[in-house]
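Survey of secondary and tertiary structure
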Amino acid sequence: DAGITQSPRHKVTETGTPVTLRCHQTENHRYMYWYRQDPGHGLRLIHYSYGVKDTDKGEVSDGYSVSRSKTEDFLLTLESATSSQTSVYFCAISSTGTSGPLEQYFGPGTRLTVT
Amino acid sequence: QKEVEQDPGPLSVPEGAIVSLNCTYSNSAFQYFMWYRQYSRKGPELLMYTYSSGNKEDGRFTAQVDKSSKYISLFIRDSQPSDSATYLCAMSVAGAQKLVFGQGTRLTINP
């Protein structure tokens, strides 16, 4: 999984509780991404980061926040989890430059269930 | 209308068959076209990519891009049960920070 770990790998939580997922990379790549994957929707980008403390929203960012205080760590926080946030969450990294393909490498995923 | 459309399947074929997986897109600025393979309960892994139009071959896999039709394909020859997975297409413009993914096609190769 290209030097990417995600923790926890599985989590069950109750509606209304805060949840933080962690992505850790050992590749020193500049770009990091959080996706969610749901049946019928494919992969949808939540947030991404293009450097330490530099983040931007994706297409499904409502209800999620992120932080990146170190190159190797990218945190995804659900401030108050809802059942609609039950999903599989994937972290990805990329070392894209100003040209060339955007090759993204994915972590193993976190299965989150909100009851 | 989604920027990238991919038939979710599922697609089931016998071992040894030639498989064709396809995506259409609407953004003519896309220049990089990628295919990811995702095994059950795993993260997607980059299979191959092509730049602009043309074909690219890697073993039993061939990626094809037709920019005039905004249509890309992945062909798998001599398909094996180990090819059973979900295949996702993804695209980007040059220098992009984000990929646009198709929905993914679930493929099963039957022994």
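Data block above holds the structure.
Right, let's walk through the structure included here.

So, how was this worked out
Residues numbered from 1 in each chain as written. Chains lettered and ligands numbered in written order. Predicted model: local features only at pLDDT ≥ 70, side-chain atom pairs only at ≥ 80, totals over all residues. Heavy atoms only, no water. Contact = heavy atoms within 4.5 Å. Buried area = accessible area lost by both parts, 1.4 Å probe. Helix = DSSP H or I, 4+ residues; strand = E, 2+ residues; numbered from the N terminus. Nonpolar A, V, L, I, M, F, W, Y, C, P; charged D, E, K, R; others polar. 1 Å grid on protein atoms, 1.4 Å probe; cavity = no way out; pocket = protein on both sides within 12 Å on 5 of 7 lines; lining within 4 Å. Points joined across faces, edges and corners; volume = space filled by probe spheres on them. Pairing = 2+ DSSP bridges. Axes fitted to C-alpha atoms, helices over the stretch in contact; angles between N-to-C directions. Disulfide = S-S within 2.5 Å. Buried < 20%, exposed > 50% of the residue type's maximum accessible area, 1.4 Å probe, protein only.

It is common to give the size of an interface as the accessible area lost on bringing the parts into contact. Contacts between the two partners involve 20 residues from chain B and, on the opposite side, 26 residues from chain A. Of the roughly 1900 Å² buried between chain B and chain A, counting both surfaces, carbon and sulfur atoms make up 54%. When residues of chain B are sorted by the area they lose upon contact with chain A, B:R41, B:Q97 and B:K98 head the list and together hold 28% of the total. Secondary structure elements with two or more residues in the side of chain B that touches chain A: β4 (32-38), β5 (45-51) and β9 (85-92) of chain B. Looking at the side of chain B that touches chain A, the element that brings in the most residues is β4(B), giving four residues. Partitioning the side of chain B that touches chain A into residue classes produces ten nonpolar, six polar and four charged.

A few words on the layout of surface pockets. Taken as a whole, the largest pocket spans an internal volume of roughly 620 Å³. Elements supplying a minimum of two residues to the lining of the largest pocket: β4 (31-38) and β9 (87-94) of chain A together with β9 and β11 (105-110) of chain B. Per element, the largest residue contribution to the lining of the largest pocket is four residues, and it comes from β11(B). A class-by-class count of the residues in the lining of the largest pocket yields nine nonpolar, twelve polar and five charged. In this structure, the second largest pocket occupies an estimated 470 Å³ of space. As for the second largest pocket, its lining consists of 25 residues, and the residues nearest its centre are A:E59, B:E3, B:L99, B:V100 and B:F101. Taken together, the elements giving at least two residues each to the lining of the second largest pocket come down to β5 (42-51) of chain A together with β1 (4-6) and β10 (100-101) of chain B. In terms of residues, the lining of the second largest pocket owes the most to one element, β5(A), which gives four residues.

All names here are of chain A. Strand order in the open sheet formed by four strands is β1-β3-β8-β7, and the pairing between neighbours is antiparallel. Edge positions in the sheet fall to β1 (4-7) and β7 (64-70), since each of these pairs with one other strand and no more. Direction aside, the axes of adjacent strands within the sheet are offset by 20 degrees on average. As paired strands, strand β3 (residues 19-25) and strand β8 (residues 73-78) are joined by six bridges and run antiparallel to one another. Bridge pairing in β8 places R22 opposite L75.

What follows is about the state of the cysteines. Within the structure shown, the criterion is met by two disulfides over all chains. The disulfide that involves A:C23 links it to A:C91, with 1.9 Å between the sulfurs. Judged by the torsion about the S-S bond (-70 degrees), the A:C23/A:C91 disulfide is left-handed. Linking A:C23 in strand β3 with A:C91 in strand β9, this pair joins segments that are 68 residues apart in sequence. Of the two residues, A:C23 and A:C91, both sit in the buried class. Across a sulfur-sulfur distance of 2.0 Å, B:C23 and B:C89 are joined as a disulfide pair. Taking the sign of the S-S torsion, about -105 degrees here, the bridge from B:C23 to B:C89 comes out left-handed. Of this pair, B:C23 sits in strand β3 (residues 19-25) while B:C89 sits in strand β9, placing them 66 residues apart in sequence. Judged by relative accessible area, B:C89 falls into the buried class, the value being 0%.

Interpretation in functional terms is not warranted from these geometric data alone.
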